[in-house]
Amino acid sequence: MKRVYFYAICLLLSFTNVYAKENYSINKVTTLNINSSINPATFNYIETNLKKLSQKNNDFVLIKLDTPGGLVTTTKEILTAMGSVDFPIAIWITPEGASATSAGAIIASGAHILVMSEGTNIGAATPIQMGKDIEQKDAKSKAVNDLVALVTSLSKARGRNPEHFEKMISEAESLDARTALKEKVIDNIINDQKELLAYLNNLEVTVKGKAYKLEIQPNVPVENIEMDPGQQILNIFANPTTAYVLFIIGAALIYFELQAPGGIIAGALGAFFLVLAAIGFQVLPLNMGAMGLIILSFILFVLEAYITSFGVLTLAGLASLIFGSLFLFRTDNSFIELEIKVIISVVSAIAIYVGFIGFYFIKTYRKNKELFDTRGEEAIVSKLMGKDEGKFKYQVKLDGEIWSAYSSTEFKEGDHVKVDHLDNEKLHLTISAK
């Protein structure tokens, strides 16, 4: 009988150890802020600061989240970094008007504590393919299924409703704060930091399978850590719109330099912008075919200046630029894409510029025709340039324009001469005494 009591006591003690909750007295709250896309700069920012903290120091991390989404690989790296620590991490979707969209919703599913402010939303994590929801036959279906399994596993481990996290990816479901709380997607609705600290006190959380009861004092130190300068710069260039616009500006300046060589400034600035764009593209997923189309478009624009195609090369260049821009960033590794209005603005600006250049060339050609048809017009010798093939070479002023001119007669600066002929191919005049 004594043995029965002994085994019963041992069994009771084992159950007590399993369900016992260790007190975790928070000594410091470290606040990190994510208010941009999810990219390698974001990951570096989170990983660097998480490595500085530990359970031994009773650290606690609060991530304030407001993001439109970002890269899948970076999202998984952030989740891995969060899952590798042995101290609690809370995610607070704040302030009012903020959202944890696509990659942000996936990251939120991995938080030990997940709260939202009033007027915020979470979800819409379905990748977009050319303006429509993902289809099962689409190339991204494997990535979607993988993400569904990931958020389902994480939400179950955190004691949240896995059904809605799954729908965020498969059906692009989006929930407001009150609905998310009602459906047990989040733990609470919090509107200010004081309220959050009060909520954390005596809250029970599980970290790596071990249960803890949080203890926090009202005057606990709260340290807010922002991105360092390097991370901030990388974060700016990681924006797909910024990288795209920098590339277009750089390519346009190089094109301008090729059209009117000798300025140097345009070419130097173009190279500078292309380097900045390259930094941005290194942290973004690229479709190489799309990038090839964009590069091809500028090659066609340059060729138009040297080959008479009557605008065919320009139209082909504009088509390449449009399709290349639409296909850019369309990979299995991204929830980000260029906004159509950005593409329309860039293509329209380039089309207007090319149209202006074309109009100028046509106007010049017609003017040259008129000059050719109106022989005998008066010009003024502005400079003697020496002799070439037995003829005197001059610079003459004709209707406010400087032209190269040739004559078998020698003139002095300021002499008034008569235009005999305009060579349309070599663009110079033949002059004689008035």
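Not measured: the values here are computed from a predicted model.

Calculation rules
- The residue count restarts for each chain, going from 1 along the sequence in the order it is written.
- Reporting of local features is limited, given that this is a predicted model, to residues whose pLDDT is at least 70; pairs of side-chain atoms are given and counted only at 80 or more, and all residues count toward the totals for whole chains, interfaces and linings.
- Hydrogens and water molecules were not included; the side-chain quantities draw on all heavy atoms of the structure.
- Burial classes: relative accessible area under 20% of the type maximum marks a residue as buried, over 50% as exposed, and values in between as partly exposed (1.4 Å probe, protein chains only).
- Helix and strand labels come from DSSP, where a helix needs a run of H or I of at least four residues and a strand needs a run of E of at least two; each type is numbered from the N terminus.
- Taking the helix axis as origin, the arc is that swept by the directions to the C-beta atoms.
- Each polar contact in these results corresponds to two N or O atoms within 3.5 Å; when the atoms are within protein, one needs to be able to donate a hydrogen and the other to accept it, and residues that are neighboring in sequence are counted only if both atoms are side-chain atoms.
- For two strands to be treated as a pair, DSSP must find no fewer than two bridges joining them.
- Lines fitted to C-alpha atoms define the axes, with helix axes restricted to the stretch in contact, and inter-axis angles between N-to-C directions lie between 0 and 180 degrees.

A. Quick look at helix α9 (residues 229–237). Every buried residue of α9 is listed here: Gln231, Asn235 and Phe237. Summarising the axial view, the buried residues of α9 lie within an arc of 165 degrees, below the 170-degree limit, and thus occupy one face. The exposed residues of α9 that point more than 90 degrees off its buried face are Pro229 and Ile236. Measuring from the side-chain oxygen of the N-cap residue of α9 to the backbone nitrogen of Gly230 gives 3.1 Å; that N-cap residue is Asp228.

B. Expanded view of the sheet that holds strand β1 (residues 22–25). Read from one edge to the other, the open sheet built from three strands follows the order β1-β13-β12, with strand pairing classed as mixed. The open sheet is flanked by β1 and β12 (204–207), the only strands paired with a single partner. In this sheet, neighbouring strand axes are inclined to one another by 45 degrees on average, regardless of whether the strands run parallel or antiparallel. Examined bridge by bridge, β1 and strand β13 (residues 210–215) share four bridges and lie parallel to one another. The residue of β13 that forms the bridge with Ser25 is Glu215.

C. How the structure looks around the sheet that holds strand β3 (residues 59–65). Read across the sheet, six strands follow the order β11-β6-β4-β3-β2-β14 without closing on themselves; strand pairing throughout is parallel. Here the strands that pair on one side only, and so sit at the sheet edges, are β11 (188–189) and β14 (222–225). Judged from the four bridges that link them, strand β4 (residues 89–93) and strand β6 (residues 113–116) form a sheet pairing that is parallel. Bridge pairing in β6 places Ile93 opposite Met116.

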